[in-house]
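Chain by chain, the residues run as shown.
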Amino acid sequence: MIKAAFFDLDGTLVSGQGFCAPAVLDALKTLQKNGILVFAATGRSPCELAVTGMTRGVDFDGIVGLNGQLCYDADGVIHRQLFDKEDLKRLIHQTRRTPFALMVVEQEDMYINQIDDYVRSALQAIHTPLPEVKDISNAPDKDILLAMAYLPQDKTRELVIPVLKNSCVTRWNPYGVDIVPNGCSKRTGIEKVLEKYDLTWENVIAFGDGENDYEMLKNAKCGVAMGNSDPVLLTGEFTVTDSVEQDGVVSALKRFGLI
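On a predicted model such as this, the values are computed, not experimentally measured, just so you know.

(A) Fine view of the pattern of salt bridges. Enumeration over the complete set of coordinates arrives at 16 salt bridges. Taking the shortest distance from any N to any O, the salt bridge between Lys 186 and Asp 213 comes out at 2.5 Å. Taken together, the residues Lys 186 in helix α6 (residues 186-196) and Asp 213 in the loop between β12 (204-208) and α7 (214-219) connect sequence positions 27 residues apart. Per residue, the accessibility class of Lys 186 equals that of Asp 213, and both read buried. The structure contains a network of salt bridges with shared partners spanning Asp 8, Lys 186 and Asp 213.

(B) Quick peek at the side chain of Arg 44. Among the structural elements, Arg 44 can be located in the loop between β2 (37-41) and α2 (46-52). Engagement of the side chain of Arg 44 in a polar contact is seen with the side chain of Thr 128, the distance being 2.4 Å. Apart from residues no more than four positions distant in its own chain, Arg 44 is found in contact with Asp 10, Leu 49, Thr 52, Met 54, Gly 65, Leu 66, Ile 126 and Thr 128.

(C) Seen up close, the nonpolar core. Phe 7, Leu 13 and Leu 31 are the most contacted members of the largest nonpolar core, which has 32 residues in total. Among the elements of the structure, β1 (4-7), α1 (22-33), β2, β12, β13 (222-225) and α8 (248-255) are those that each provide at least two residues to this core. The element that contributes the greatest number of residues to this core is α1, accounting for 5 residues. When near neighbours in sequence (up to four residues on either side) are disregarded, Leu 13 contacts Phe 7, Asp 8, Phe 19, Cys 20, Val 24, Leu 28, Phe 60, Val 244 and Val 249. Leu 91, Ile 92, Phe 100 and Ala 147 belong to the second-largest nonpolar core, a separate cluster that totals 20 residues.

(D) The environment of Gln 153, seen in detail. Within the secondary structure, Gln 153 is located in helix α5 (residues 153-160). The sequence separation of Gln 153 and Asn 173 amounts to 20 residues, and the corresponding C-alpha distance is 9.7 Å. Residues within four places of Gln 153 in sequence aside, it is in contact with Arg 171 and Pro 174.

(E) Seen up close, α6. Restricting attention to buried positions, one finds in α6 the residues Lys 186, Thr 188, Gly 189, Ile 190, Val 193 and Leu 194. In the segment just after α6, Asp 198 is the residue with positive phi, at about 55 degrees.

(F) Representation of the sheet that holds strand β14 (residues 239-240). Read across the sheet, 8 strands follow the order β5-β4-β3-β2-β1-β12-β13-β14 without closing on themselves; strand pairing throughout is mixed. With one partner strand each, in any of the chains shown, β5 (76-80) and β14 form the two edges of the open sheet. Note: β12 against β13, 4 bridges, orientation parallel. Across the sheet, the residue bridging to Ala 206 is Gly 223, located in β13.

(G) Representation of unusual backbone geometry. Residue Leu 66 is not a glycine yet carries a positive backbone phi of 50 degrees. Mapping Leu 66 onto the fold places it in the loop between β3 (62-65) and β4 (70-73). Positioned with a positive phi, His 127 is a non-glycine residue whose angle comes to about 55 degrees. On the secondary structure map, His 127 appears in the loop between α4 (117-125) and β8 (132-133).

About the thresholds
Throughout, a residue's number is its position along its own chain's written sequence, starting from 1. Local features are withheld for residues below a pLDDT of 70 in this predicted model, meaning they are given only at 70 or higher, and side-chain atom pairs are given and counted only at 80 or more; totals for whole chains, interfaces and linings count all residues. Computation of side-chain values covers all heavy atoms of the structure but excludes hydrogens and water. Salt bridges are counted wherever a side-chain nitrogen of Lys or Arg sits within 4 Å of a carboxyl oxygen of Asp or Glu. Secondary structure elements are defined from DSSP: runs of H or I of at least 4 residues count as helices, runs of E of at least 2 residues count as strands, and each element is numbered from the N terminus. Partly exposed describes any residue whose relative accessible area lies between the buried limit of under 20% and the exposed limit of over 50%, with all areas from a 1.4 Å probe on protein chains only and scaled to the type maximum. Pairing of N or O atoms within 3.5 Å defines a polar contact, subject to two protein rules: one partner must be a possible hydrogen donor and the other a possible acceptor, and residues neighboring in sequence count only if both atoms are side-chain atoms. Only heavy atoms enter the contact rule, under which two residues are in contact if any of them lie within 4.5 Å. To define a nonpolar core, start from buried Ala, Val, Leu, Ile, Met, Phe, Trp, Tyr and Cys residues and group those joined through side-chain atoms within 4.5 Å. Strands were regarded as paired on the criterion that DSSP finds at least two bridges between them.

Dropping the structure here:
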């Protein structure tokens, strides 16, 4: 029996205009009226959600943020996993050898070493203001949760992946990757939430459109890929619904009889 729904945000709940459509907002409220818990599962940080206002009108029961590294609800933090300090030191050293944009994210702050066209393109695509440019040399001394590199795929393979010992990358834009601790993903974050609420994957329906959504869709009782999904989700492994611009979440929830 489905008791919890987990939704990616960008490209799933949130349209290209940067907000949730009225029909989607109504569907989420109906889900909750029907006794189903509603969670976001996103690469976004709390400060991004506040700055963008992208989830305005949604009263989530909880958030799986930063690709599973920070999970919280109204009671507080459920799970938090910090970024590997040695990997961060190596990344910062690499930016000095061959300059590229590297952003670091704390629980309530995010900042970047430089702004370039890769950063502008990636953040414009997700309706996020440009972050503050700051010296990141002392970031390893802080509680960093996530790092983001802004490079195309070939440069990521050349400059980022070789210096990582305890972390891996997951791409969310042609010019942007999240760098997360090995073994950390939306799946692992969701499992922490399910444990708190005494639920299992058999109780979950999950929606996503990107590479970083694969594991949560794979493990969910019902995994739903948006029509606008990355090809990795459109191989026939998951139920496919309409695109985000066509309110695909609403269509799928009706198909499964949840609203």
